[in-house]
Amino acid sequence: MTAYLNGSFMPLEEARLPVLDRGFIFGDGVYEVIPVYSRHPFRLKEHLRRLQNSLDGIRLANPHSDAEWSRLIEEIIHRNAPEDQGVYLQVTRGVAKRDHAFPAGVPPTVFLMSNPLVTPPAEQVAHGVAAITASDYRWLRCDIKSVALLANCLLRQLAADVGAAETVLIRDGFLTEASVSNVFLVKDGVLLAPPKNHLMLPGITYDVVLELAAAHRIAHQVREITELELRAADELMLTSSTKEVLAVTTLDGRPVGRGEPGPVFRELHRLYQEFKRTVMRQPAPA
Ligand code: PMP
């Protein structure tokens, strides 16, 4: 597996960083995960825009232009074997003596790696997954895709502890998102999604799902969703670059709707797979 670190490509095992990297010391950095289908990065422009927003959010200058990022991403795809990959990229505030205030004149650390893309197995697509709920105790800038993911790790582990796939998060009585994905629900045939704000990560897949709903005249609304509405949903689903669109069929051990993936999920899942295929049909990058 080939990685990239600060200007060089190398086997992942050989990538080394000083322990004083602020990513390690403070979690002072941001990241992106870009799904790659048949060697085509999916929604690259949108991922690079979100990266810029995250960097702006932590006041770190973008070390690369979009054209440079695109070249690095193409190169990492080219140097790794799988046709479908998850390209991970991370930028931290670099290596400096430990001090909370920003160091002056320190180059950022730039790291990329690629993993084989693992999407949900057919069994999960057909039957859905279990999720639990928890109080969203993360900070108030969840729109920044920060590498400081301790709260997300703790919340995700709550699900792992009970063999569930995800932890759905509730803040002050309202649905925000889940520990590693966004959440949609369906009530009386209408697809509902919480609005993008500082309390959730603006998912690239979230946007795709809403675009598909609009293009295919699936009734939908973006608005605040209460915990009561969440618990009374006819359908519940998760979206992320790796989960794609995945139905939740039990929440806190109780069935969601009839306890099986519903018609709106099935339609969106089909549309999403079709949409991916249009990306794959574009000519492979040189
Ligand atoms: N919310 C959180 C907290 C996430 O970590 C992720 C992605 N891993 C998402 C939402 C989904 O974002 P995307 O669709 O861009 O993968």
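Since the structure is predicted, the reported quantities are computational estimates derived from the model, not experimental observations. (Residues numbered from 1 in each chain as written. Predicted model: local features only at pLDDT ≥ 70, side-chain atom pairs only at ≥ 80, totals over all residues. Heavy atoms only, no water.)

## Observations concerning the overall build of the protein chain
Part 1 of the argument: Within the protein chain, the regular secondary structure consists of 8 helices and 15 strands.
Part 2 of the argument: Taken over the C-alpha trace, the protein chain has a radius of gyration of 19 Å; the compact-globule value for 286 residues is 19 Å, and the two agree within 12%.
Part 3 of the argument: Among the 286 residues that make up the protein chain, the fraction classed as buried is 49%.
Part 4 of the argument: For the protein chain, long-range pairs separated by at least 24 residues make up 70% of all intrachain contacts whose partners lie at least 6 apart in sequence.
Part 5 of the argument: When the accessible area of the protein chain is evaluated, it comes to approximately 13,600 Å², of which 56% is carbon and sulfur surface. (Helix = DSSP H or I, 4+ residues; strand = E, 2+ residues; numbered from the N terminus. Rg over C-alpha atoms; globule rule 2.2 N^0.38 Å. Buried < 20%, exposed > 50% of the residue type's maximum accessible area, 1.4 Å probe, protein only. Contact = heavy atoms within 4.5 Å. Areas by Shrake-Rupley, 256 points an atom, 1.4 Å probe, with all protein chains shown as cover.)

## Comments concerning the pairing of strand E8 (residues 166-171)
Part 1 of the argument: In terms of burial, E8 is largely enclosed, as 6 of its 6 residues are buried.
Part 2 of the argument: Side-chain alternation along E8 places Glu166, Val168 and Ile170 on one buried face and Thr167, Leu169 and Arg171 on a second face that is also buried.
Part 3 of the argument: As paired strands, strand E7 (residues 129-135) and E8 are joined by 5 bridges and run parallel to one another. The residue bridging Ser135 from the neighbouring strand is Ile170, located in E8.
Part 4 of the argument: As for the winding sense of the linkage, the β-α-β connection from E7 through helix H5 (residues 150-161) to E8 is right-handed. (Pairing = 2+ DSSP bridges. Right-handed = clockwise from strand over helix to strand, strands pointing away.)

## What about the nonpolar core?
Part 1 of the argument: One finds Phe184, Leu191, Met237, Val264, Leu268 and Tyr272 to be the most contacted residues of the largest nonpolar core, which totals 24 residues.
Part 2 of the argument: Of all the secondary structure elements, the ones that give two or more residues to this core are strand E10 (182-187), strand E11 (190-193), helix H6 (204-215), strand E14 (244-251) and helix H8 (263-281).
Part 3 of the argument: Excluding residues that lie within four positions of it along the chain, Val264 makes contacts with Val186, Leu191, Ile218, Glu235 and Met237.
Part 4 of the argument: By size, the runner-up hydrophobic cluster in this structure holds 21 residues, among which are Tyr4, Leu51, Leu55 and Ile77. (Core = buried A, V, L, I, M, F, W, Y, C linked by side-chain atoms within 4.5 Å.)

## Considering the site of the ligand
Part 1 of the argument: Around the ligand, 17 residues are found, and the nearest of them are Arg50, Glu177, Ile204, Thr205 and Ser241.
Part 2 of the argument: One nitrogen or oxygen atom from the main chain of Ile204 is found 2.9 Å from an oxygen atom belonging to the ligand.
Part 3 of the argument: Only strand E9 (174-178), H6 and strand E13 (235-240) provide two or more residues apiece to the shell around the ligand.
Part 4 of the argument: Of the residues belonging to the shell around the ligand, the class tally is 4 nonpolar, 9 polar and 4 charged. (Near = heavy atom within 4 Å. Polar contact = N/O pair within 3.5 Å; in protein donor to acceptor, adjacent residues only side chain to side chain. Nonpolar A, V, L, I, M, F, W, Y, C, P; charged D, E, K, R; others polar.)

## Here's the deal with the sheet that holds strand E1 (residues 2-5)
Part 1 of the argument: As summarised here, the arrangement of the 6 strands in space is E2-E1-E6-E5-E3-E4, forming an open sheet in which the pairing is antiparallel. A strand with exactly one partner marks an edge of an open sheet, and here the two such strands are strand E2 (8-11) and strand E4 (40-41).
Part 2 of the argument: Here helix H3 (residues 66-78) sits on the sheet in contact with E1, E2, strand E3 (29-37), E4, strand E5 (85-92) and strand E6 (109-116), set at roughly 135° to E5. (Axes fitted to C-alpha atoms, helices over the stretch in contact; angles between N-to-C directions.)

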